[in-house]
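# Per-entry structural report
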Amino acid sequence: MTLAKKLPWCYLAALLVANLALLLPEATPLRVAGALLLIDLLPGLSWANWLLASSTPLLRWVIAAAFSYTLAMLATLWLHYLPGPVQTWQLLAILDTLALIPILRYNKSGYAKSTLTRPNLLPPILVLTLFLALFLRGANLHYSEFQGDEALVMITAAEALEGHEDALFLRSKGPGEVLLPLALWRLTGTINELGARLPFTLAAMLAIVTIYLIGQELGGQRVSWLAAGFFAFNGFAVAFGRIVQYQALVLWMSALAFLLICHWRQTQQYRFAILGGLCLGIGLLAHYDAILVIPAIIWLFISGPTTTDHQPLAAETKPRILVHGYNFWSNINHQRATSLKSGLLFLATFLLTALTFYLPYALDPRTNHTGEYVGGRIGNELRNNLPNFFHFNAFYSSSYYIILTSLLVFGLLIWLVRQSRGGRWWVSILLAVGVIAVIAKPGLLSWDTLNLSILPFALLLAGAFFTLPFGSYGQALVLWLAAPFLGYNFVVALGLTHIYTIIPAWSLLAAVAWYTFFDIPHPRWRWLNHTSNYLLAVLLVLSTIFLWNAFVRHDREYWQDYPDGNLPLFWDPYQELPRAGFFGFAHRTGWKAVGQKIITGQLIGDYGSNEEPDVTTWYTRGAPRACDPQPEFYFLADDLIDPVDIPAEIIETNYQNIGRVTLPNQKQMRILQQTPATLALGDLDEKSLAREFDQTATPDAFARSARGAVALDVNFSNLANLTGYSVDPRRAYPGGRLPVTLYWQALAPIPASYQVFAHLEGDAGPVAQADGVPACWTYPTNLWQPGQIIADQHAISIPPDLIPGKYPLEVGLYLADSLVRLDVLDSNGHPAGTSVTLTMIEIGPNP
């Protein structure tokens, strides 16, 4: 039996095994492996082998994974739009059906008539690169707790799984980073940090292979593995392969779209244009950053295929991107029809994919808030963020890496301007001086109302694009670099780590520069070739050590212990942390131990913390976080992702330690209770408690709900429903406090910002109260979305002279400027007062 005939049966067997693995207990390794196969590989494998049978095996496998990611994300998005929770059988039915469609066409046009070939062995240098890259991205992937953005992604995934229709629309980003863990979570039953991150780690690995394939397309074998190496050992590429975030998807899908359009130029097959649009659409579903590759892709379309596009690359030839013979207007005239049709197919596929989310999103009122968010990040004037660019790169990738690759990239651009027809040496020198001057002295071209720091870089990139003997591939690379480099360094106000978007083009241009400057075939320069190879080996070793210390090692945490966490071998000109933007670094504080104690009912009550709310919301599973400075508990971590100010004097005076979590690196999480303390937890076993926490990590445990509350159904003017509440009366005595959590559900868009009041009522009016904007003054009612559930914390301070006795707890909504309250409606829709009495609170004697 031929390979083409065997393959469908092997594929069916793998699909069956993956489905059967889902019958195993929740979160077992084999069940997780089966879920990953169904999400990340199998559904797309049959499609890739059917549609791309004549392509190289490596490209087919990359496209198979991309197809699978696409099908899983779109299937999950479509299911989310249906009423109610996303069901396991629904997701499996869609994935299995889509996976089987190409198999059903087997006898007509499938594998039997294809030209499938056995895969060739990968080059040893690529195998080594991938092995080290996998180690840097996968080792100790379970160790770090979710940081804030990751926790927010996972909370959103839980709510989407549980049927919250507004879950994806309440964010300011695309849904891609939510849809992947959402699908995996539904198939595995429970989730932990390792499982949630694995799809993004795989995407990061596939991005390396994609860069390798682009390098092979543009410059041959040498350029391909050089580009893959520069990309694989970039600190941003490592960091974003270790977290539940969009960046790995954006890097992979935008690079794959670029690669597929390069293949379209080679083959003139419309399928590559369609696949390119599909990949870019998925990239946009991950984040808006994906559009930064569009100028390069547009250029590949409008420049049309050149005569050199179809020339094979011999070992001694220059990279195709440096070959002469390009004629833009000739290609426009001769290839207009083909390019136009392919471009329209690309555009149609791109829009159909992206608009599955962004069309309903654009019709949602929340979009206006997103526009304000994006506008605030962009700003309205030119600036110079280059100091941040070099600081971030030195921190993430080492000073050695950024210095070497900067010299290569800028050196190549300057050299190419000099090599262009009619080029003058003084132009290259002038551009080089301008670039170096702005890097060395960022304020050189800055005045009170005008910053022209962008000028030398824009001129250099324009010169590399317009005046050198570059093929259209090379011009596309320049555009791919120019859009994010100029945008995030000189236009966007808060670029921060979004400069990761330069990595693909940066790595490819660095590889071309190395090949151009050091791989000289003349025997006289053989020593330079050998020396450059030794230098590459040294860079490989140094990068591996640096990245291991930064992202894998956890007996000492690079970021948290910086600069002591940096190894003496690596010179750092900054000796201080960047101001923000820390992703993927080893970090653990012991939150799961605290969370498990909350789950088991040993830590009941509201809390405060020096950690940001998104992290604590995930690990406490929505336990009430206090608005005031005197909650029942404080959870204080030695290591912090995004620190929050805490009242140190109040804590020192009014709280005592009742427990602690000590990590292997001897850092601690302290648990404090307000005096007089009623608990003594002692030293907690972090490993066993973390294991128990993961065993119950089902979506319903994290989604917004009125769980644990007294159920209610109180209608306030058909705008909001009070669905429940919870009260902690343990310190309900004179001088004490009464924490109250209210659960609201918006019934319709609320035109104004109402404040909530929670009063203990006496004969002559309130004797104690807590008024304010919902959710600790963070979520005004005019931002609530219909159907959304809001957990709203309040703490009523009880006066020291209040007479013990029973007092009704009353709640309502009012306008702060006019004190006009919303009516409470009865079952017939008639006004029945302006507040609701929740319960009687007994104020006891002060102990």
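Scroll up to find the structure.
Residues numbered from 1 in each chain as written. Predicted model: local features only at pLDDT ≥ 70, side-chain atom pairs only at ≥ 80, totals over all residues. Heavy atoms only, no water.

Next up on the list: the overall build of the protein. A tally of helices and strands in the protein yields 28 helices and 14 strands. Looking at the protein as a whole, 59% of its 847 residues are labelled buried. Long-range contacts, defined here as pairs at least 24 residues apart, represent 76% of the contacts in the protein between residues at least 6 apart. (Helix = DSSP H or I, 4+ residues; strand = E, 2+ residues; numbered from the N terminus. Buried < 20%, exposed > 50% of the residue type's maximum accessible area, 1.4 Å probe, protein only. Contact = heavy atoms within 4.5 Å.)

When you line up the elements, Gln-793 lands in strand β11 (residues 789–797). Every residue in contact with Gln-793, bar those within four places of it in the chain, is listed here: Pro-624, Arg-625, Cys-627, Val-740, Thr-741 and Cys-776.

The subject of this paragraph is a nonpolar patch on the surface. A cluster of nonpolar side chains, namely Leu-340, Leu-344, Leu-347, Leu-351, Leu-355, Leu-359 and Leu-363, defines an oily patch on the protein surface of about 670 Å² accessible area. Structurally, the position occupied by Leu-340 is in helix α15 (residues 328–362). Accessibility expressed as a relative area gives 52% for Leu-340, which makes it exposed. (Patch = residues over 30% accessible without salt bridge, like charges linked within 9 Å, V, L, I, M, F, W, Y side chains within 5 Å. Areas by Shrake-Rupley, 256 points an atom, 1.4 Å probe, with all protein chains shown as cover. Salt bridge = Lys/Arg side-chain N within 4 Å of Asp/Glu carboxyl O.)

Further remarks concern the packing of helix α21 (residues 472–491) against helix α22 (residues 503–518). Where α21 meets α22, the closest approach of the two axes is 8 Å, and the angle between their N-to-C directions is 135°. With respect to α22, the element α21 is oriented oblique. The element α21 and its partner α22 pack so that their crossing is left-handed. Residues Leu-477, Trp-480, Leu-481 and Phe-485 of α21 lie in contact with α22, whose contacting residues are Pro-504, Ala-505, Trp-506, Leu-508 and Leu-509. For the contact of α21 with α22, the class distribution of residues is 9 nonpolar, no polar and no charged. (Axes fitted to C-alpha atoms, helices over the stretch in contact; angles between N-to-C directions. Parallel < 35°, antiparallel > 145°, perpendicular 65-115°, else oblique. Left-handed = near helix turned anticlockwise from the far one by under 90°. Nonpolar A, V, L, I, M, F, W, Y, C, P; charged D, E, K, R; others polar.)

Two elements in contact, helix α12 (residues 247–267) and helix α13 (residues 270–286), have axes separated by 8 Å at closest approach and are oriented at 165°. Viewed along their axes, α12 and α13 adopt a mutual orientation that is roughly antiparallel. Crossing of α12 over α13 shows left-handed handedness. Each of Leu-249, Val-250, Met-253, Leu-256, Ala-257, Leu-260, Ile-261, His-263, Trp-264 and Thr-267 in α12 lies in contact with α13, whose residues at this interface are Phe-272, Ala-273, Leu-275, Gly-276, Cys-279, Leu-280, Ile-282, Gly-283 and Ala-286. Of the residues in the contact of α12 with α13, the class split is 15 nonpolar, 4 polar and no charged.

One open sheet accounts for 5 strands, arranged β1-β2-β4-β3-β5; its pairing is mixed. Looking along the sheet, the strands with just one partner apiece sit at the ends: β1 (607–609) and β5 (682–684). On average, each strand axis in the sheet is inclined to that of its neighbour by 25°, with strand direction left out of account. Two elements, β1 and strand β2 (residues 633–637), share 3 bridges in a ladder whose sense is parallel. Counted as the bridge partner of Ser-609 is Phe-635 from β2. (Pairing = 2+ DSSP bridges.)

Turning to the state of the cysteines, a few remarks are in order. Two cysteines joined by a covalent bond between their sulfur atoms form a disulfide. Considering all chains together, one arrives at 1 disulfide under this definition. Across the disulfide from Cys-627 sits Cys-776; the S-S distance is 1.9 Å. Negative torsions about the S-S bond denote left-handed disulfides, and the value of about -80° found for Cys-627 with Cys-776 makes this one left-handed. Of this pair, Cys-627 sits in the loop between α25 (613–619) and β2 while Cys-776 sits in helix α28 (residues 774–777), and the two are 149 residues apart along the sequence. Overall, the relative accessible area of 23% leaves Cys-776 in the partly exposed class. (Disulfide = S-S within 2.5 Å.)

Attention shifts here to the nonpolar core. If you look at the biggest cluster of nonpolar residues, it comprises 230 residues, and the most contacted ones within it are Trp-252, Phe-258, Trp-480, Leu-481, Phe-485, Trp-618 and Phe-635. By residue number, the principal contributor to this core is helix α10 (residues 193–232), which donates 22 residues. The contact partners of Trp-252, leaving out residues within four places of it in the chain, are Val-62, Ala-65, Ala-66, Tyr-69, Ala-203, Leu-206, Ala-207 and Thr-210. (Core = buried A, V, L, I, M, F, W, Y, C linked by side-chain atoms within 4.5 Å.)

This part takes up the pattern of salt bridges. Once the charged atoms of two side chains with opposite charge are near each other, the side chains can pair. Inspection of every chain in the model, using the stated rule, returns 17 salt bridges. Asp-555 is paired through a salt bridge with Arg-553; the nearest N and O atoms lie 2.7 Å apart. Given a relative accessible area of 53%, Asp-555 falls into the exposed group. A single salt-bridge network, built from bridges that share partners, covers Glu-632, Asp-728, Arg-730 and Arg-731.

A separate point is the sheet that holds strand β13 (residues 824–825). If you walk across this open sheet you meet the 5 strands as β11-β8-β7-β6-β13, and the pairing is antiparallel. Both outer strands of the open sheet, β11 and β13, are each paired with one neighbouring strand and no more. As judged from the 7 bridges shared by strand β7 (residues 720–727) and strand β8 (residues 737–746), these two strands associate in the antiparallel manner. Counterpart to Gly-724 in the pairing with β8 is Tyr-743.

As a further point, take helix α2 (residues 29–40). Helix length check: α2, at 12 residues, gives a terminal C-alpha distance of 16 Å against a target of 16 Å (1.5 Å per residue), a fit within 8%. For α2, every residue scored as buried is listed here: Arg-31, Val-32, Gly-34, Ala-35, Leu-36, Leu-38, Ile-39 and Asp-40. (Expected span 1.5 Å × (residues − 1).)

In terms of burial, β2 is largely enclosed, as 5 of its 5 residues are buried. Both faces of β2 are covered, namely the face carrying Phe-633, Phe-635 and Ala-637 and the face carrying Tyr-634 and Leu-636. Read as a crossover between parallel neighbours, the route from β1 over α25 to β2 is left-handed. By the bridge criterion, 5 bridges tie β2 to strand β4 (residues 668–674) in an arrangement that is antiparallel. Within the sheet, the bridge partner assigned to Leu-636 lies in β4 and is Arg-670. (Right-handed = clockwise from strand over helix to strand, strands pointing away.)

With 21 residues, α12 should reach 30 Å at 1.5 Å per residue; the first-to-last C-alpha distance of 30 Å fits that figure. Once α12 finishes, Gln-268 follows within two positions and takes phi at roughly 60°, a positive value.

Here Thr-516 is to be found in helix α22. Here the side chain of Thr-516 touches Val-512 through a polar contact of 2.7 Å, landing on its backbone oxygen. (Polar contact = N/O pair within 3.5 Å; in protein donor to acceptor, adjacent residues only side chain to side chain.)

These figures capture arrangement, not role.
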